[in-house]
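Given next are the chains, with one letter for each unit.
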Protein chains: 2
Amino acid sequence: MKKTIGLGLAALALSAGAALAQQKSVTVAVSIPAATHGWTGGVVYHAEETAKLLEKGYPGLKVIVKTSPNGAAQANALEDLMTQKVDALVVLPFNSDELTNPVREVKKRGTFITVVDRGLKDPAIQDVYVAGNNPEFGRVAGKYFVDNLKSGNVVVFRGIPTVIDEERVSNFEKALEGSGVKVIDKQYANWNRDDAFRVMQDFLQKHPKIDAVWASDDDMALGVMEAIRQSKREDVKFVLGGAGMKEMIKRVMDGDKMIPADVSYPPSMISTAMGVTAAHFYSNAPMRGTYVLNAQLITKENAKEHYFPNSPF
Amino acid sequence: MKKTIGLGLAALALSAGAALAQQKSVTVAVSIPAATHGWTGGVVYHAEETAKLLEKGYPGLKVIVKTSPNGAAQANALEDLMTQKVDALVVLPFNSDELTNPVREVKKRGTFITVVDRGLKDPAIQDVYVAGNNPEFGRVAGKYFVDNLKSGNVVVFRGIPTVIDEERVSNFEKALEGSGVKVIDKQYANWNRDDAFRVMQDFLQKHPKIDAVWASDDDMALGVMEAIRQSKREDVKFVLGGAGMKEMIKRVMDGDKMIPADVSYPPSMISTAMGVTAAHFYSNAPMRGTYVLNAQLITKENAKEHYFPNSPF
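Residues numbered from 1 in each chain as written. Chains lettered and ligands numbered in written order. Predicted model: local features only at pLDDT ≥ 70, side-chain atom pairs only at ≥ 80, totals over all residues. Heavy atoms only, no water.

In the nomenclature of an unreviewed UniProt entry, chain A corresponds to Substrate-binding domain-containing protein from the organism Salinarimonas soli. Among the UniProt annotations of chain A, the heading Subcellular location (unreviewed entry) holds the following wording: "Cell envelope". (UniProt positions renumbered as here; feature names shortened; annotations may be inferred.)

Structure below.
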């Protein structure tokens, strides 16, 4: 159903007649991390595609996408934005510590604020919050192991010690309770491919029988698979990552037995955030609130819906 | 910003060119309670306005709005819908008990399900859930009393004993903690104007000094005000209702001292739900998830944004 439309987001747009009659002029600034990692590369791609489509769909709408290489640069970028007329800011903050005050300053000027993914320290600043569902991300992954592995030994990759990571892992383990699936080891690998490669090498040395791997992230899954390949071990039945990297979705689509599924944490959530922000200005539907997007199990059946071949991620 | 556009929701619509190229055909059914109460009257109004605007904005989209006078009738209406090709169902269920299974049957046919306001017994059925924020509804109201009454005696009106009511009232009381505002009495009045009239008569007889009333609902606020009027008492400084009934919003706009504010729980959330459902079919932005709309304090400053003179509510 969805993928019938070309690139990125097909605009959430006002019927042109009504909008022109209003002669509206709305500027939405989008402040996001630069494409320094795979996932943020996807964010940049979807933000730029969506900006074009929204501008086409909403007469009078101008969307400015600004990428920043780090938190300090993003804070500066927000300061620069304040010299312009900006009606709304959609911001995916590098981190809460550096960005909470800069976003608060933008808010004080009457700007509508939409925060994406990583929350600010003071939620009162935001008008809209769009985020993934981290507890569900762990739960969906855990359920996949229970339903498909049924019983066996699993090693678990953690990301960086954060609330997000804790929510994911604790719910993964809760989903396994009472099943025959056993977590025999878990380590942090910083959502990083190389770190995951090294951790998986250790796991393979320590554990003679590993039935499946919860890599919990597609970048880490790539490192895990490389370690398995080099070890020539054949006991690992499958690796479950997470996020929706296009290489992994392609494998799922193609029926790759090592990558039979993925769990979504889509960088295209920036498109959702931009869409509901534009709708705030071009509709009477209430939009202020918190929109938590589902973590979806991606299998061969629905993989096409999650595949963006033109995205870098 | 928002109210510049005519009636109801201004469509969340795809740019016409892109949609025509796709020759899409999408049918969205909207199943809602008939206008048996003020709030549901508002739901019907906004659903019908939004249906027109979405059909205008999204080429190939057909929206069927079906109202039902009670839960059993709504269950039957869903059964009838299944004889047609329906791609999505937006449903505001009369109640969870009677509607959970009928909606599950619709889901089994591959229909995209958006649930509004009152949840089903099994949340796994829904693709999208759009709801008001009941804890915040109480918190915002409580904060209003702390900020504006500062100290004094307050009587509290409860609705019907439900989770919603409990969330609202407990958070209201939590917001008062440590302040000089004291709840001297509270009673259920079933979100009903006549019941609230009678309860307020009792309160006025029992309590020689009432500084303000948390009616917690606009229908109840009307009953409360009638009881105060008949009593000729002059100690009550203001009444705070809730929901966003147009008569109350008008009073807020006009600077009525007895109704200085309101707290939103907008029937137009049906428009939000219909908009994000249509966006699921006409965009690549992920839309599956839970969208909890803010309970907003409505004051003279922002009342216009919440005023729909053509709505029955």
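Next, the rest of the story.
Q: Help me understand the overall build of chain A in this model?
A: The helix and strand tally for chain A stands at 10 helices and 12 strands. Taken over C-alpha atoms, the radius of gyration comes to 21 Å for chain A, in line with the 20 Å a tight globule of 313 residues would show. C-alpha atoms of chain A, sized along the principal axes, occupy 70 × 40 × 35 Å. A fraction of 74% describes how many contacts in chain A between residues 6 or more apart in sequence connect residues 24 or more apart. Summing over all exposed atoms, chain A offers an accessible surface of approximately 12300 Å²; the carbon and sulfur share of this is 50%. Side-chain charges of chain A comprise 37 positive and 36 negative groups, with the mean position of each set lying 3 Å from the other. (Helix = DSSP H or I, 4+ residues; strand = E, 2+ residues; numbered from the N terminus. Rg over C-alpha atoms; globule rule 2.2 N^0.38 Å. Contact = heavy atoms within 4.5 Å. Areas by Shrake-Rupley, 256 points an atom, 1.4 Å probe, with all protein chains shown as cover. Lys, Arg positive; Asp, Glu negative; His and termini not counted. Charge placed at Lys NZ, Arg CZ, Asp CG, Glu CD.)

Q: I'm lost on the nonpolar core in this one. Help?
A: Burial of nonpolar side chains together is a common tendency in soluble globular proteins. F145, F157 and M200 of chain A together with F145, F157 and M200 of chain B are the most contacted members of the largest nonpolar core, which totals 168 residues. Excluding residues that lie within four positions of it along the chain, M200 of chain B makes contacts with V155, F157, I210, V213, V224, A227, I228 and V236 of chain B. Residues L81, V86, V103 and V115 of chain A belong to the second largest nonpolar core, which totals 17 residues. (Core = buried A, V, L, I, M, F, W, Y, C linked by side-chain atoms within 4.5 Å. Buried < 20%, exposed > 50% of the residue type's maximum accessible area, 1.4 Å probe, protein only.)

Q: I tried to follow the sheet that holds strand β7 (residues 180–188) of chain A on my own but got confused; where do I start?
A: Pairing between sheet strands relies on hydrogen bonds along the backbone, with the strands arranged either parallel or antiparallel. Residues and elements named next belong to chain A. What the four strands build is an open sheet, ordered β7-β6-β8-β9; its pairing is parallel. Taken across any chain shown, the strands that pair with only one partner, and hence form the sheet edges, are β7 and β9 (238–240). Ignoring which end each strand starts from, the neighbouring axes of this sheet average 20° apart. Where strand β6 (residues 151–158) meets β7, eight bridges bridge the pair, whose relative direction is parallel. By the bridge assignment, R158 is partnered in β7 with Y188. Along the sheet, helix α7 (residues 193–206) contacts β6, β7 and β8 (212–214); its crossing angle with β6, the most-contacted strand, is approximately 150°. Packed onto the sheet, helix α8 (residues 218–231) meets β6, β8 and β9 and runs at close to 160° relative to β9. (Pairing = 2+ DSSP bridges. Axes fitted to C-alpha atoms, helices over the stretch in contact; angles between N-to-C directions.)

Q: What is the right way to read the side chain of D195 of chain A from this model?
A: Residue and element names in this part refer to chain A. Here D195 shows up in helix α7. For D195, a relative accessible area of 19% translates into the label buried. Side chain to side chain, D195 and N190 meet in a polar contact 2.8 Å long. Non-local contacts of D195, meaning those with residues more than four positions away in its chain, are made with A189 and N190. (Polar contact = N/O pair within 3.5 Å; in protein donor to acceptor, adjacent residues only side chain to side chain.)

Q: Can you walk me through the pairing of strand β3 (residues 88–91) of chain A in this structure?
A: Regular strands show a simple pattern: their side chains alternate between the two faces of the sheet. Residue and element names in this part refer to chain A. A two-sided burial pattern is seen for β3, the buried positions comprising A88 and V90 on one face and L89 and V91 on the other. The sheet contact formed by strand β1 (residues 26–33) and β3 spans four bridges and is parallel. For A29, the partnering residue across the bridge sits in β3 and is L89. Pairing of β3 with strand β4 (residues 112–116) involves four bridges; the strand directions are parallel. Paired with A88 across the bridge in β4 is F112. On the question of chirality, the crossover connecting β3 to the parallel β4 by way of helix α4 (residues 96–108) is right-handed. (Right-handed = clockwise from strand over helix to strand, strands pointing away.)

Q: Is there a simple way to think about unusual backbone geometry in this case?
A: Notably, D117 of chain B is not glycine yet its phi reads approximately 70°, a positive angle. With respect to the element layout, D117 of chain B can be found in the loop between β4 (112–116) and β5 (128–132).

Q: How do you make sense of helix α3 (residues 71–81) of chain B when you look at a structure like this?
A: Since the α-helix advances by 3.6 residues per turn, residues separated by three or four positions end up pointing in the same direction. Residue and element names in this part refer to chain B. Every buried residue belonging to α3 is among G71, Q74, A75, A77, L78 and L81, and all of these are buried. The buried residues of α3 all sit within an arc of 160° when viewed along its axis, so they share a single face. Facing away from the buried side of α3 by more than 90 degrees, the exposed set consists of E79 and D80. At its buried positions, α3 is contacted by β1 (26–33), β2 (61–68), β3 (88–91) and α4 (96–108). The residue sitting at the N-terminus of α3 and contributing the capping side-chain oxygen is N70; that oxygen lies 3.2 Å from the backbone nitrogen of A72. (Arc of directions from axis to C-beta.)

Q: Would you mind showing me how to read the pattern of salt bridges here?
A: Tallied over the entire structure, the rule returns 44 salt bridges over all chains. Residues R233 of chain B and D235 of chain B are paired through a salt bridge, measuring 2.8 Å at the closest nitrogen-oxygen approach. Connected via shared salt-bridge partners are K107, D127 and R288 of chain A together with E305 of chain B. (Salt bridge = Lys/Arg side-chain N within 4 Å of Asp/Glu carboxyl O.)

Q: In this structure, what is going on with the environment of E177 of chain A? I would like to understand it.
A: Residues and elements named next belong to chain A. Relative to the assigned elements, E177 resides in the loop between α6 (163–176) and β7. Of the residues examined, E177 reaches a relative accessible area of 61% and is grouped as exposed. The spatial distance from the C-alpha of E177 to the C-alpha of V146 is 9.2 Å, given a sequence separation of 31 residues.

Q: Hey, could you run me through the UniProt feature "domain: Periplasmic binding protein" (unreviewed entry) in chain A in this one?
A: Taking the UniProt record as the reference, the feature "domain: Periplasmic binding protein" (unreviewed entry) is found at residues 28–256 of chain A. In residues 28–256 of chain A, helix accounts for 48% and strand for 22%; the two terminal C-alpha atoms are 41 Å from one another.

Q: What should I look at first to understand the packing of aromatic side chains in this one?
A: Each pair of aromatic rings is reported with the distance of its centres and the angle of its planes. All names here are of chain B. Under the criterion given, the structure shown has 19 aromatic pairs over all chains. The ring of F137 is capped by R168, whose NZ or CZ atom sits 4.0 Å from the centre of that ring. R168 extends its terminal NZ or CZ atom over the ring of Y265, reaching a point 4.7 Å from the ring centre. (Phe/Tyr/Trp six-rings, centres within 6.5 Å; stacked < 30°, edge-to-face > 60°. Lys NZ or Arg CZ within 6 Å of the ring centre and 35° of its normal.)

Q: So what exactly am I meant to see when it comes to the sheet that holds β3 of chain B here?
A: Judged by pairing direction, the sheet is mixed, and its 12 strands sit side by side in the order β2(A)-β1(A)-β3(A)-β4(A)-β5(A)-β11(A)-β11(B)-β5(B)-β4(B)-β3(B)-β1(B)-β2(B) without closing on themselves. The strands lining the two open edges of the sheet, one partner per strand, are β2 (61–68) of chain A together with β2 of chain B. Taken pair by pair, the neighbouring strands of this sheet meet at an average axis angle of 15°, ignoring direction.

Q: What exactly am I supposed to notice about helix α5 (residues 134–148) of chain A here?
A: Residues and elements named next belong to chain A. Helix length check: α5, at 15 residues, gives a terminal C-alpha distance of 21 Å against a target of 21 Å (1.5 Å per residue), a fit within 8%. Within the sequence span of α5, burial applies to N134, E136, F137, G138, V140, A141, G142, Y144 and F145. At the N-terminal end of α5, a side-chain oxygen is found 3.1 Å from the backbone nitrogen of E136, two or three residues along, and the residue is N133. Once α5 ends, the next one or two residues include K150, with phi positive near 65°. (Expected span 1.5 Å × (residues − 1).)

Q: I keep staring at the packing of helix α2 (residues 38–57) of chain B against helix α10 (residues 269–282) of chain B and nothing clicks. Help me out?
A: Residues and elements named next belong to chain B. Look at α2 against α10: their axes get within 8 Å of each other, and the N-to-C directions meet at 30°. α2 and α10 meet at a crossing whose hand is right-handed. Only M269, I270, S271, M274, G275 and A278 of α10 make contact with α2, whose side of the interface consists of W39, V43, H46, A47, T50, A51 and L54. Here the contact of α2 with α10 is composed, by residue class, of nine nonpolar, four polar and no charged. (Left-handed = near helix turned anticlockwise from the far one by under 90°. Nonpolar A, V, L, I, M, F, W, Y, C, P; charged D, E, K, R; others polar.)

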